[in-house]
Amino acid sequence: MIRFVTKADGRLVPFSKDKLVETCLRIGLDAAKGREIADWVEKNAPDKAPTREIYEMVLQRVEEVSARSGALFRLRDAIADLDSLSFELYAAKVLKSQG
């Protein structure tokens, strides 16, 4: 059972089921499904697992439930990986398309 998560910079932080449920809600899953995924991760992830491993576990479960939510989960990660110039160009195109 996971108690701590290893962040990308090497820090150990407590695992938060609530944070995982909130993420599931933001990508369109209901609270019950979010809690189910969080419970599964808590039981199956090794203690001190890296955040990337947690991400992959969550993505797998989300895609089993909803292809749309899985796409939103991946999109959020892809946007976070953009360098600042690419993000600015992306945001400008999105804003321009919205008038």
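Each value, and the rule that gives it
Residues numbered from 1 in each chain as written. Predicted model: local features only at pLDDT ≥ 70, side-chain atom pairs only at ≥ 80, totals over all residues. Heavy atoms only, no water. Axes fitted to C-alpha atoms, helices over the stretch in contact; angles between N-to-C directions. Helix = DSSP H or I, 4+ residues; strand = E, 2+ residues; numbered from the N terminus. Parallel < 35°, antiparallel > 145°, perpendicular 65-115°, else oblique. Left-handed = near helix turned anticlockwise from the far one by under 90°. Contact = heavy atoms within 4.5 Å. Nonpolar A, V, L, I, M, F, W, Y, C, P; charged D, E, K, R; others polar. Expected span 1.5 Å × (residues − 1). Buried < 20%, exposed > 50% of the residue type's maximum accessible area, 1.4 Å probe, protein only. Arc of directions from axis to C-beta. Polar contact = N/O pair within 3.5 Å; in protein donor to acceptor, adjacent residues only side chain to side chain.

1. What to know about the packing of helix H2 (residues 31-44) against helix H3 (residues 51-65)
In step 1: Where H2 contacts H3, the two axes come as close as 10 Å, and the packing angle between them is 140 degrees. When the axes of H2 and H3 are compared, the pair comes out oblique. Crossing angle aside, the handedness with which H2 passes H3 is right-handed. Where H2 approaches H3, its residues Lys 33, Glu 36, Ile 37, Trp 40, Val 41 and Asn 44 are matched on the opposing element by Ile 54, Met 57, Val 58, Arg 61, Val 62 and Val 65.
In step 2: Among the residues forming the contact of H2 with H3, the class breakdown is eight nonpolar, one polar and three charged.

2. As for helix H4 (residues 67-80)
In step 1: The end-to-end C-alpha separation of H4 is 20 Å, in line with the 20 Å expected for 14 residues at 1.5 Å each.
In step 2: By the burial criterion, the buried members of H4 are Ser 69, Gly 70, Phe 73 and Asp 77. Seen from one end, H4 has its buried residues packed into an arc of 105 degrees, which puts them on one side. Away from the buried face of H4 by more than 90 degrees, exposed residues Ala 67 and Arg 68 are located.
In step 3: Turning to H4, the residues buried within the fold contact helix H1 (17-26) and H3.

3. So, H2
In step 1: Its 14 residues give H2 an end-to-end C-alpha distance of 20 Å, which sits within 8% of 20 Å, the value for a rise of 1.5 Å per residue.
In step 2: Considered for burial, the residues of H2 that qualify are Gly 34, Ile 37, Ala 38, Val 41 and Glu 42. The buried side chains of H2 occupy one side of the element, clustering within an arc of 135 degrees when seen end-on.
In step 3: Contacts made by the buried residues of H2 are with H1 and H3.
In step 4: For H2, the N-terminal cap is Asp 30; the gap from its side-chain oxygen to the backbone nitrogen of Ala 32 is 3.2 Å.

Honestly, that's just the spatial picture; any functional story needs more than this.
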